[in-house]
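Okay, here's what each chain looks like letter by letter:
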Amino acid sequence: MKQRNKRVLLGITGGIAAYKCAELVRRLKDHHVDVKVVMTDSAKHFITPLTMQAVSGELVSDSLLDPQAEAAMGHIEFAKWADLVLVAPATSNIIAKMAVGIADDLLTTLLLATPAQVAIAPAMNQQMYAHVATQDNLATLAKRNIAIWGPGQGEQACGDVGAGRMLEPHELVQLVLQALSPEAKVLQGKVVTITAGPTREALDPVRFISNHSSGKMGYGLAEAALALGAEVNLISGPVSISAPCGVNLIAVESAADMHVAALTHAPKSDIFIGCAAVADYRAATVAEQKIKKQGDELTLTLVKNPDIIADVAALAVSRPYTVGFAAETQDITTYAKGKLTNKKLDMICANDVSKPDAGFNSEHNALTLFWHDQQQDLPLTSKKELALTVMKAIAEKIK
Ligand code: C5P
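All of these numbers come straight from a predicted model, not from anything done at the bench. (Residues numbered from 1 in each chain as written. Predicted model: local features only at pLDDT ≥ 70, side-chain atom pairs only at ≥ 80, totals over all residues. Heavy atoms only, no water.)

*Asks:* When you look at the nonpolar core in this model, what are you seeing that I'm missing?
*Replies:* One broad rule of soluble globular proteins: the nonpolar side chains tend to lie buried together. Leu 10, Met 52, Trp 149, Leu 221, Ile 273 and Met 391 are the most contacted members of the largest nonpolar core, which has 71 residues in total. It is helix α14 (residues 383-397) that provides the largest number of residues to this core, a total of eight residues. A domain-level breakdown of this core finds at least three residues from each of domain 1 (6-180) and domain 2 (191-397). In this view, Met 52 contacts Leu 10, Ile 12, Cys 21, Ala 22, Val 25, Val 37, Met 39, Ile 47 and Val 60; residues no more than four positions away in its chain are not counted. Core analysis: the second largest hydrophobic core is formed by 29 residues, Val 85, Met 98, Ala 99 and Leu 138 among them. (Core = buried A, V, L, I, M, F, W, Y, C linked by side-chain atoms within 4.5 Å. Buried < 20%, exposed > 50% of the residue type's maximum accessible area, 1.4 Å probe, protein only. Helix = DSSP H or I, 4+ residues; strand = E, 2+ residues; numbered from the N terminus. Domains from an automatic or database assignment. Contact = heavy atoms within 4.5 Å.)

Have a look at this one:
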């Protein structure tokens, strides 16, 4: 018997990113996903129901109290039709309404009536996203197992820069396909601990040694692990991006702090991923007072930091599947394989940071995955998509 197509109910709310929903629907249909669209009144200021009707091939619903629409498909029937309800873009307003369970239009009513998995793609000004009210509401939704996809970082329609952009349609499509696939929650019941970002090694009360790591790859991995059903500990050095809702964020500064946190969580984890750019050295002594300018030269004595991932991989009991990263500028294969062996890892993800369009601060990356007996090239793509591929590859190995 032929299986029916998967069904997504797309709820569009009133954000500028609504214009991307036409592309989102087209791409979902390319993957044989049936899409019905519900729009709030404010969404219609940003994209017309006619456009959404044309791309979805279905009448667009927008009213709870429309006898004609109810006769065609009642709102409860609608709620039961979906395999997944995706609210994209999800404004701070709809997030607040969902958090308290308001049902004052078709979309909010459907959201209470649906037995399906619900996902939201937040999109708003970065200040609105960072507001404690929005963050509290998102935490409430995460506790109810509502998947929170994004937001992305970057330049916003209002000119601000920061967290609050809706994920791009192709990224949302990957997450939808992931959520709809039968083996979607391949990491359900697993604990994943990830280190991310740079470390800061203090020289005195006002200065430190650090590096350019943005944390994007590690944060992307945390989000991907969550999407695959894992419980996630994210041990992060100082970064300017916000953690995905639903992760257990452990904020640290120095390699020593990260080492303690990693060795606390690793033995309770199934998977440990060292994605942090850990400083190799720290000051032998941290000056208690600000170091004063003296002469033309200043000599600092640095001592080696512990190798966090090597210590995790060396755990005699409760050792998690251990995955490292290697950022290299030359001889990638040789150096990556050397680290895989020397640090006794199970897998290493290597990237060429000499390329201008990939690596440290970029939104994109390309990786080669190495195991002791195998390797796999992952071409240049967004860090979020890449993260999902990497997490799936790891999940495959620990099955
Ligand atoms: O030796 P290198 O820094 O190139 O190795 C990179 C890998 O080792 C990454 O997975 C990184 O997170 C981890 N690492 C670590 N502790 C260190 C240095 C690197 O966990 N002190």
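*Asks:* It is not clear to me how helix α11 (residues 255-265) should be interpreted in this structure. Could you clarify?
*Replies:* An α-helix turns once every 3.6 residues. As a result, residues three or four positions apart point the same way. Those residues of α11 that fall on the buried side of the exposure criterion are Ala 255, Met 258, His 259, Ala 261, Ala 262 and His 265. Where α11 is buried, its residues meet β8 (191-196), β9 (201-204), β11 (231-236), β12 (248-251), β13 (271-274) and α12 (308-313).

*Asks:* Explain the sheet that holds strand β16 (residues 321-328) here, please?
*Replies:* Hydrogen bonds along the backbone pair up the strands of a sheet, which may run parallel or antiparallel. As summarised here, the arrangement of the eight strands in space is β12-β11-β8-β13-β16-β17-β18-β19, forming an open sheet in which the pairing is mixed. Edge positions in the sheet fall to β12 and β19 (375-382), since each has one partner strand and no second. If you compare each strand with its neighbour and ignore which way they point, the axes differ by 15° on average. Where β11 lies against β12, four bridges are found, and the strand directions are parallel. The residue of β12 that forms the bridge with Ser 236 is Ala 251. α14 contacts β8, β13, β16, β17 (347-352), β18 (364-370) and β19 of the sheet and is inclined by roughly 155° relative to β19. (Pairing = 2+ DSSP bridges. Axes fitted to C-alpha atoms, helices over the stretch in contact; angles between N-to-C directions.)

*Asks:* Just checking my understanding: could you explain the environment of His 31 for this structure?
*Replies:* With respect to the helices and strands, the residue His 31 is situated in the loop between α1 (21-30) and β2 (33-39). Looking at His 31, the relative accessible area reads 40%, which means it is partly exposed. Placed 38 residues apart in sequence, His 31 and Ala 69 show a C-alpha to C-alpha distance of 27 Å. Residues contacting His 31, with those up to four places away along its chain left out, are Val 173 and Leu 177. At 3.0 Å, the side chain of His 31 and the backbone oxygen of Arg 27 are in polar contact. (Polar contact = N/O pair within 3.5 Å; in protein donor to acceptor, adjacent residues only side chain to side chain.)

*Asks:* So what exactly am I meant to see when it comes to the site of the ligand here?
*Replies:* In the vicinity of the ligand, the contacting residues are Gly 274, Cys 275, Ala 276, Val 278, Pro 306, Asp 307, Ile 308, Ile 309, Gly 324, Phe 325, Lys 339 and Lys 343. At 2.8 Å, a backbone N or O of Pro 306 approaches a nitrogen atom of the ligand. One of the side-chain N or O atoms of Lys 343 is found 2.9 Å from an oxygen atom in the ligand. Considered on its own, the ligand offers 450 Å² of accessible surface; in the complex 84% of this is hidden by protein. When each cavity is represented as a set of grid points, the ligand is found to reside in the largest pocket. Every element with two or more residues in the shell around the ligand is listed here: α12 and β16. (Near = heavy atom within 4 Å. Areas by Shrake-Rupley, 256 points an atom, 1.4 Å probe, with all protein chains shown as cover. 1 Å grid on protein atoms, 1.4 Å probe; cavity = no way out; pocket = protein on both sides within 12 Å on 5 of 7 lines; lining within 4 Å. Sits in = over half its atoms within 2 Å of the grid points.)

*Asks:* Teacher, can you tell me more about the sheet that holds strand β5 (residues 147-148) here?
*Replies:* Reading across from one edge, β2-β1-β3-β4-β5 is the order of the five strands in this open sheet, with parallel pairing throughout. Each of the sheet's edge strands pairs with one partner strand only, and the pair in question is β2 and β5. Relative to strand β3 (residues 84-90), strand β1 (residues 6-12) runs parallel, the two sharing four bridges. Counterpart to Val 8 in the pairing with β3 is Leu 84. Where helix α9 (residues 169-180) meets the sheet, its contacts fall on β1, β2, β3 and β4 (117-122), and the angle it forms with β3 comes to roughly 160°.

Read these as layout, nothing more, since geometry by itself doesn't imply function.
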